Amino acid sequence: MTDGPQPHERLRFGPASLLYAVTCAAIIFSGSLYGFAAPYLLLAAIALVVWMNLTPMKEDRGYFNSAALTPFLLLLAFCLFILWQASIAYAPDLTLIYLRRFIVFSTLLLFIPRPEVCRLTVKMCKYYSFVVAASIIVMTLATGAKSGGLVGDYQFGGMLMSVACILFLVDYLHDRGRIFDILGFALATTGLFISGKRMFALIVLFSFVGLYFVSVERGKLPRVLKLSAVGASVVGVLYLAVEPVRDLVQRLGLFALGEVVATSGRSVLWAMALDIFQSNRLVGVGFANFLPYSDTLSAAPWFGLYHAHNIYLQLLAETGVIGFGLMITLFGTAFISSWRLYRLAIKHGEPTNRYVMICSLALQAWFLMYGLTGNGIYGWHEFFLYMIAVAMSISVKIRMREATDRPLSGVVLDGDAQ
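Peer 1: Could you give me a rundown of unusual backbone geometry, with the residues and numbers involved?
Peer 2: We note that Ala-288 has phi near 70°; this positive angle belongs to a residue other than glycine. Examined against the element boundaries, Ala-288 turns out to sit in the loop between helix H12 (266-279) and helix H13 (290-297). For His-309, which is not glycine, the phi dihedral falls at a positive 55°.

Structure, rendered in structure tokens:
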């Protein structure tokens, strides 16, 4: 029994599906240029995916998730925990702000688009990222300074170009990539290196290696060598011609120096987070309270201005072992379950399911790696991207359950062995 549209079937998308894909791309790539609109776009995306459960139009129909509730229940449990935690938090107002945000995000794990719409959303993001990459290059050449182009700030440019690189890599290695994907990867790599952000460059490198090893396409090695040659050539030309790229290459050399220099001072924040955790092991000082709490512990002028630049250590400091355990369980179970579902999608051979699952895994991995030196759980764009990635996995789980009309052996997305 098949688990999706057949190759000869022409996919049709209703207006809600098309708007959902466009809205998601706009949210992810809003950056700082129109980031003020991100909360309103998020509400629009939620409204659209809820409508997919109400509309009589077949082309727009979505799912209500009752098959893979563990991610939703874990996020809900975390929300209940920080709701209680607000009563003892150092700065309860900050905790309650994020509580409302997570409640809103949780709806994305209940109302789920079809796998075909998930695929369309990824493609929309990829095509728009091509335009964003071009805008970064043009603006940088025109002004002579780092630019984020259509995403505003160059730091957002680096972050989103790393996402774009991964999207082009996925299509090139897992979806019969074309010349457009090679060109898009070259442009996104250019935009990434212009930003000078080391960690995002490393994430793309690790993703390249990971996506190569999990690919089941034949003849992948020559294609990977071709793309590697393109990437190396682009970086080489940029190194000779663009100052920010030379800065990035030089900054990569800082990894060989002392801890503080190698981490651009992040290690000081990490040590502070661990100190806070040691004195508040069970429940922490309050979610999102690292900034004001650290300001009271150090006379350094920059404490109180930065998150810990490591979501795992900051979760320990702010929520103790209870909150940390809930969120890490969410991250871990979602990723492991997605991996199992990806392997099952390969076995079933349905291309849409397989494509959506590799995208889900790649974007989840991006978020988890970024969390080692970034603040993804505290930003709209990053956490929205993660929620969308998990929702993709849930979508495929529901589709395959519908198709087989029996529990899926070896797949655990809802916490119970099937």
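Peer 1: Explain the environment of Phe-290 to me, using residue names and the numbers behind them.
Peer 2: Examined against the element boundaries, Phe-290 turns out to sit in helix H13. When its relative accessible area of 0% is taken as the criterion, Phe-290 is described as buried. Through-space distance from the C-alpha of Phe-290 to that of Gln-314 is 7.0 Å; in sequence the pair is 24 residues apart. Phe-290 has contacts with Leu-269, Met-272, Ala-273, Ile-276, Tyr-306, His-307, Ala-308, Gln-314 and Glu-318, leaving out every residue within four places of it along the chain.

Peer 1: Hey, could you go over helix H15 (residues 351-370) for me, with residue numbers and the actual values?
Peer 2: Taking 1.5 Å as the rise per residue, H15 with 20 residues should run 28 Å; its terminal C-alpha atoms sit 28 Å apart, in good agreement. Along H15, 18 of the 20 residues are buried, which leaves the element largely enclosed by surrounding structure. Taking the backbone nitrogen of Thr-352 as reference, a side-chain oxygen 3.1 Å away marks Glu-350 as the first, capping residue of H15.

Peer 1: Please provide a residue-by-residue account of the packing of aromatic side chains, values included.
Peer 2: Under the counting rule described, the total for this entry stands at 29 aromatic pairs. An angle of 80° between the planes, with centres 5.8 Å apart, marks the rings of Tyr-98 and Tyr-378 as edge-to-face. Of the two residues, Tyr-98 sits in helix H4 (residues 92-106) while Tyr-378 sits in the loop between H15 and helix H16 (380-404), which places them 280 residues apart along the sequence. Where Trp-339 meets Tyr-342, the ring centres are 5.8 Å apart and the plane angle is 45°; that geometry is what we call tilted. Here Trp-339 and its partner Tyr-342 are both found in helix H14 (residues 311-348), three residues apart, which amounts to about one turn of the helix. Taken together, the ring pairs in this structure connect Phe-78, Tyr-98, Phe-102, Phe-105, Phe-287, Tyr-312, Phe-331, Phe-367, Tyr-378, Trp-380, Phe-383 and Tyr-386 into an aromatic cluster.

Peer 1: Describe the environment of Arg-100, and please don't skip the residues or the numbers.
Peer 2: With respect to the helices, strands and loops of the structure, Arg-100 is situated in helix H4. Overall, Arg-100 belongs to the exposed group, its relative accessible area being 53%. The spatial distance from the C-alpha of Arg-100 to the C-alpha of Cys-79 is 8.5 Å, given a sequence separation of 21 residues.

Peer 1: Pulling in residues and values, what's your account of the nonpolar core?
Peer 2: Looking at soluble globular proteins, one finds that nonpolar side chains tend to be buried together. Phe-102, Phe-287, Phe-331, Trp-366 and Ile-377 are the most contacted members of the largest nonpolar core, which totals 114 residues. It is H16 that contributes the most residues to this core, 14 residues altogether. The contacts of Phe-102, once residues within four sequence positions are left out, are Leu-75, Phe-78, Cys-79, Ile-82, Phe-287, Ile-377 and Phe-383. Leu-269, Met-272, Ile-276 and Tyr-293 belong to the second largest nonpolar core, which has 13 residues in total.

Peer 1: Provide a residue-level description of the confidence of the model for the protein chain, including the pertinent values.
Peer 2: Looking at the protein chain as a whole, its pLDDT mean stands at 85, while 84% of the residues score no less than 70. For the protein chain, helix H11 (residues 259-262) is the element with the lowest average pLDDT, namely 48, and helix H3 (residues 70-85) is the one with the highest, namely 97.

Peer 1: Let's hear about the pattern of salt bridges: which residues, and what values?
Peer 2: Under the criterion given, the structure shown has five salt bridges. Among the ionic pairs, Glu-116 bridges to Arg-114, the shortest N-O distance being 3.5 Å. The exposure classification of Glu-116 matches that of Arg-114, with both residues buried. The shortest N-O distance in the salt bridge between Lys-126 and Asp-181 comes to 2.8 Å. Remark: Asp-181 occurs in helix H7 (residues 179-195) and Lys-126 occurs in helix H5 (residues 115-143); sequence separation between them is 55 residues. Residue classification places Lys-126 among the buried residues on the basis of a relative accessible area of 3%. On the accessibility criterion, Asp-181 (3% relative accessible area) is buried. Ionic contacts of the salt-bridge type, sharing partners, join the residues Lys-123, Lys-126, Asp-171 and Asp-181 into one network.

Peer 1: Describe the environment of Val-214, and please don't skip the residues or the numbers.
Peer 2: If you trace the backbone, Val-214 turns up in helix H8 (residues 198-214). Along the backbone, Val-214 and Arg-343 are 129 residues apart, and their C-alpha atoms lie at a distance of 9.5 Å. Contacts of Val-214, omitting those with residues within four sequence positions, involve His-174, Trp-339, Tyr-342 and Ile-358.

Calculation criteria
- Residues numbered from 1 in each chain as written.
- Predicted model: local features only at pLDDT ≥ 70, side-chain atom pairs only at ≥ 80, totals over all residues.
- Heavy atoms only, no water.
- Helix = DSSP H or I, 4+ residues; strand = E, 2+ residues; numbered from the N terminus.
- Buried < 20%, exposed > 50% of the residue type's maximum accessible area, 1.4 Å probe, protein only.
- Contact = heavy atoms within 4.5 Å.
- Expected span 1.5 Å × (residues − 1).
- Polar contact = N/O pair within 3.5 Å; in protein donor to acceptor, adjacent residues only side chain to side chain.
- Phe/Tyr/Trp six-rings, centres within 6.5 Å; stacked < 30°, edge-to-face > 60°.
- Core = buried A, V, L, I, M, F, W, Y, C linked by side-chain atoms within 4.5 Å.
- pLDDT = per-residue confidence, 0-100.
- Salt bridge = Lys/Arg side-chain N within 4 Å of Asp/Glu carboxyl O.

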